[in-house]
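# Architecture at a glance
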Amino acid sequence: MAKEHGASPKYNHLEARKNNLTWILALSALCIFFYVLGAWQSSVSPTSHTEFLNRAGCENASNAAPDSSSSSSSIPSSSVLLDFESHHQLVMEDTQEIQKFPACSMSFSEYTPCQDRDRGRKFDRDMLKYRERHCPSKDELLHCLIPAPPKYKLPFKWPQSRDYAWFDNIPHKELSIEKDLQNWIKVEGDRFKFPGGGTMFPRGADAYIDDINELIPLTNGTIRTAIDTGCGVASWGAYLLKRDIIAMSFAPRDTHEAQVWFALERGVPAVLGIMGSQRLPYPARAFDMAHCSRCLIPWSKYDGLYLIEVDRILRPGGYWILSGPPIRWKQYWRGWERIIEKDDLAVWQKPINHIDCIKSRKSHHKPHMCKSGNPDEAWYKELQGCITPMPEVTSWDEVSGGALEKWPERASVVPPRISNNWVTGITAEKFQEDNKLWEERVSHYKSIVGALSQGRYRNIMDMNAYVGGFAAAMMKYPVWVMNVVPVNTQPDTLGVVYERGFIGVYHDWCEAFSTYPRTYDFIHAGGVFSMYQDRCDITDILLEMDRILRPEGTVVFRDEADVIEKIEKIAQRMRWNTKNVDQESGQFATEKIMVAFKSYWTGEDKDEEHA
């Protein structure tokens, strides 16, 4: 018994070590099993907006409250709610806490960096130069997030948004008072109503457009792109949309508070802009129709400089419409042909080529034809007092540059600039391949962001539009796309975008875009950051995207893997939720996709701040 008793401690010690080792191995196996299971689950891409949020750990947003550190208001019940609370913070590789960008003061809630009034007052008032783009220097750039008003709500869905907007989103009554008798805009309780009126169309924009239709064809597809100078709240453009005509409306930021902002809140294309001393940011031969309804542009001044600019951006055979007394064309526009008039409406048609114009130079020496220069160059380019020559033709009835197909066929056929080999490196075959590629990509986006096809988004921007393939693939949805072609890139493709029947602008993404805060629902950024990472700080570009993106808006990034990684780290500091997803061609593609959602938060209510 003594021997057995003496052996027992050694035996128990060995057995305990064996049991402990077995237990450790079992736990390790169990951990590996759950790790593999979790990795397998995370590798499966979400197929809808809801699934994306669930994967990220978001619950039903109706139980959520906004970030208490930055908002004093509750999320309005009319919103499509998302929960972006701290219970699903994304973790970076290092162990340090992510430093969030702070919220700017509420005084910046309506900030338009390049149309800042205080900065503008420093510039010459001649030719309204003080109202043109004047951007802040690098030292003046804000590194904070522009806050939404305390009671901000998601805008009404299209088409209801054409007629209504929430007062709390754009709390300005000035236009409703100043233009009360002209039916531009009315205040009805907690919302604005847009009756469709205007200075020159008291019966409404619809009836006014019907009057124009009696003079020129608006419904047969020959007119697709239009520009509205001094647009007001863009009712003309709003009511053209049901006739499949898309208008680029613009107006300056002036004493008529928030004209362009109201237009965008309505879901109507618009930008901040003015006819001053510089060319408009559009290529030559872009628009099928130009319009001025008592727009206060001094057409007769500066030797007709503004008329010459309208001529540059109008396509051959395009129309210029002027309304508003007094129409004194006989005094100011002698020599213009093809004039049609009705009451306070006058319409001119640009010739389809310059054969007659060149011959008339023998008797009419001014304005002369431009001898040199790129007619599409339009970024900070001074206006020129010479007529932009159209492409040469061989016969009287030939359209300079090539005839365009009627809408909607022109969206998919090879544009004349490509068929004539005027766009370096883009052949008809490459154009058709690009169309197919974007059909695949947009179909993939629909599986990633299910709200894309559900009317959740209306105002969409493509930051690097190329030939407009993304916009063409989006035609099936109730959206419009602002196609941005970055300046100083080759080839210049904005002219192709317009020939397809879409709209867009030139822009340098090292500067702020000409729009108000919170005016776009969805932004597509393909290759933008690779293009700009050596030109300016990509943080500033992302902060500008945050400024113009609406709360709960979405961004799709396509770029190189290392660039996406940089973007993701900055996006997390902006209260954006991000998700990397496989490309449509497979997870091993060199180009990566990241989807980001801007969280809902608002600024502090001033009354509560001082309570």
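Scroll up to find the structure.
In this numbering scheme, every chain counts its residues from 1 along its sequence in written order. For this predicted model, a pLDDT threshold of at least 70 governs which residues receive local features, and a threshold of 80 or more governs which side-chain atom pairs are given and counted, while totals over whole chains, interfaces and linings are taken from all residues. Side-chain measures were taken over the full set of non-hydrogen atoms in the model, leaving aside hydrogen atoms and water.

### Thoughts on the overall build of the protein
Keep this limit in mind: Here a helix means four or more residues in a row that DSSP labels H or I, a strand means two or more in a row labelled E, and each is numbered from the N terminus. Buried means the residue's accessible area, taken with a 1.4 Å probe over protein chains only, is under 20% of the maximum for its type, while exposed means over 50%, and partly exposed covers the values in between. A contact between two residues is defined here by any heavy atoms of the two lying within 4.5 Å. All accessible areas in this document rest on Shrake-Rupley with a 1.4 Å probe, and a residue is counted as covered only by the protein chains that are shown.
Within the protein, the secondary structure is distributed over 18 helices and 17 strands. Relative to its 611 residues, the protein shows a buried fraction of 54%. Once local pairs closer than 6 in sequence are excluded, the contacts in the protein between residues at least 24 apart make up 70%. In the structure as shown, the protein presents an accessible area of about 28,400 Å², 51% of it carried by carbon and sulfur atoms.

### Some thoughts on the pairing of strand S14 (residues 520-526)
Selection criterion: Here, strands pair whenever DSSP counts at least two bridges between them.
Burial of S14 is extensive: seven of the seven residues sit out of reach of the surface. One ladder, built from three bridges, connects strand S11 (residues 459-462) with S14; its direction is parallel. Bridged to aspartate 462 within S14 is histidine 524. Where S14 meets strand S15 (residues 549-560), six bridges bridge the pair, whose relative direction is parallel. Residue pairing in the sheet places tyrosine 520 in a bridge with leucine 549 of S15.

### Side note on the side chain of aspartate 508
As a reminder of what qualifies: Distance and chemistry together define a polar contact, namely a pair of N or O atoms within 3.5 Å, with one atom able to donate a hydrogen and the other to accept it when in protein, and with adjacent residues in sequence counting only for side-chain atoms on both sides.
Summarising the element assignment, aspartate 508 is placed in the loop between strand S13 (503-507) and S14. Engagement of the side chain of aspartate 508 in a polar contact is seen with the side chain of arginine 535, the distance being 3.4 Å. Setting aside anything within four residues of it in sequence, one finds aspartate 508 in contact with Trp379, Val487, Tyr532 and Arg535.

### Quick look at the state of the cysteines
Put simply, the test is: Our working definition of a disulfide is a cysteine sulfur pair at a distance within 2.5 Å.
Applying the stated criterion across every chain, the model contains five disulfides. Each sulfur of the disulfide joining cysteine 114 and cysteine 135 lies 2.0 Å from the other. Taking the torsion about the S-S bond as the criterion, the cysteine 114 to cysteine 135 disulfide, at about 110 degrees, is right-handed. Of this pair, cysteine 114 sits in the loop between helix H2 (49-55) and helix H3 (117-120) while cysteine 135 sits in the loop between H3 and strand S1 (164-166); the two residues are 21 residues apart in sequence, bridging distant segments of the chain. Taking relative accessible area as the criterion, cysteine 135 reaches 23% and is therefore assigned partly exposed. Ordinal numbering of bonded cysteines along the protein defines a disulfide pattern of 1-4, 2-3, 5-6, 7-8, 9-10.

### Some points on the environment of methionine 106
Tracing the chain through its elements places methionine 106 in the loop between H2 and H3. On a C-alpha basis, the gap between methionine 106 and alanine 148 in space is 8.0 Å, while along the polypeptide they are 42 residues apart.

### What to know about the side chain of lysine 598
Along the chain, lysine 598 falls in strand S17 (residues 591-598). With relative accessibility at 4%, the residue lysine 598 sits in the buried group. A distance of 2.7 Å separates the side chain of lysine 598 from the backbone oxygen of aspartate 546, its partner in a polar contact.

### So, the pattern of salt bridges
Definition in use: Here a salt bridge means any side-chain nitrogen of Lys or Arg lying within 4 Å of a carboxyl oxygen belonging to Asp or Glu.
This model, assessed by the stated rule, comprises 28 salt bridges. Between glutamate 140 and arginine 119 there is a salt bridge; the shortest N-O distance is 3.8 Å. Of this pair, glutamate 140 sits in the loop between H3 and S1 while arginine 119 sits in helix H3, and the two are 21 residues apart along the sequence. You can call glutamate 140 partly exposed: its relative accessible area is 40%.

### Observations regarding the sheet that holds S1
In sheet architecture, strand pairing relies on hydrogen bonds along the backbone and comes in two forms, parallel and antiparallel. Convention followed: The axes are straight lines fitted to the C-alpha atoms, using for helices just the contacting stretch, and the angles between their N-to-C directions are given from 0 to 180°.
Read across the open sheet, the three strands follow the order S1-S3-S2; overall the sheet is antiparallel. With partners counted over all chains shown, the strands left at the sheet margins are S1 and strand S2 (186-188), one partner each. This sheet shows a mean twist of 30 degrees between the axes of neighbouring strands, independent of strand direction.

### Here's the deal with the sheet that holds S13
Ordered by their spatial adjacency, seven strands build an open sheet running S13-S12-S11-S14-S15-S17-S16, and the pairing between neighbours is mixed. The sheet is open, and its two borders are formed by S13 and strand S16 (576-581), each paired with just one other strand. Neighbouring strand axes in the sheet, compared pairwise and without regard to direction, differ in orientation by 20 degrees on average. Of the strand pairs in this sheet, S15 and S17 are connected by seven bridges, and their pairing is antiparallel. Its bridge partner lying in S17, valine 556 is registered against valine 595. Packing of helix H16 (residues 538-548) onto the sheet brings it into contact with S11, S14, S15, S16 and S17, and relative to S15 it is tilted by some 145 degrees. Each of S15, S16 and S17 touches helix H17 (residues 561-573); the most contacted strand, S15, lies at about 160 degrees to it.

### Quick notes on the packing of H16 against H17
We apply this condition: Any angle that falls under 35 degrees is termed roughly parallel, while one over 145 is termed roughly antiparallel, one within 65 to 115 roughly perpendicular, and all others oblique. Note: crossing handedness is left-handed where the near helix turns anticlockwise from the far helix by less than a right angle, and right-handed where it turns clockwise. Nonpolar residues are Ala, Val, Leu, Ile, Met, Phe, Trp, Tyr, Cys and Pro. Charged residues are Asp, Glu, Lys and Arg, and all others, Gly as well, are polar.
Remark: H16 packs on H17, axes separated minimally by 10 Å, with the N-to-C direction vectors making an angle of 55 degrees. In terms of orientation, H16 and H17 fall into the oblique class. Crossing handedness for the pair H16 and H17: right-handed. Of the residues in H17, those touching H16 at Ile538, Thr539 and Leu542 are Lys566, Ile567 and Ile570. Tallied by class, the residues present in the contact of H16 with H17 amount to four nonpolar, one polar and one charged.

### So, the environment of valine 423
As for its placement among the helices and strands, valine 423 is situated in the loop between helix H11 (416-419) and helix H12 (428-448). You can call valine 423 buried: its relative accessible area is 6%. In the structure, valine 423 is positioned 73 residues away from valine 496 in sequence and 8.5 Å away in space, judged by C-alpha atoms. If near-sequence neighbours (up to four positions away) are discounted, valine 423 is found in contact with Arg417, Ile418, Pro491, Asp492, Thr493 and Val496.

### Let's talk about the packing of aromatic side chains
To be explicit about the condition: By convention, a stacked pair of Phe, Tyr or Trp rings (six-membered ring in the case of Trp) has centres within 6.5 Å and planes under 30 degrees apart, an edge-to-face pair has planes over 60 apart, and any other such pair is tilted.
Applying the stated rule across the entire model yields 21 aromatic pairs. Centre to centre, the rings of tryptophan 438 and phenylalanine 470 are 5.8 Å apart; their planes meet at 70 degrees, and the pair counts as edge-to-face. On the criterion of sequence distance, the pair formed by tryptophan 438 in helix H12 and phenylalanine 470 in helix H13 (residues 469-473) is long-range, its members being 32 residues apart. Taken individually, tryptophan 438 and phenylalanine 470 each receive the classification buried, so the pair is uniform in this respect.

### Looking at the environment of valine 399
Turning to its location among the elements, valine 399 is positioned in the loop between helix H10 (355-360) and H11. Using a relative accessible area of 25% as the deciding quantity, one classes valine 399 as partly exposed. Considered as a pair, valine 399 and histidine 354 are 45 residues apart in the sequence and their alpha carbons are 9.6 Å apart. If we skip the residues at most four places from it in the chain, valine 399 touches Pro316, Ile352 and Val393.

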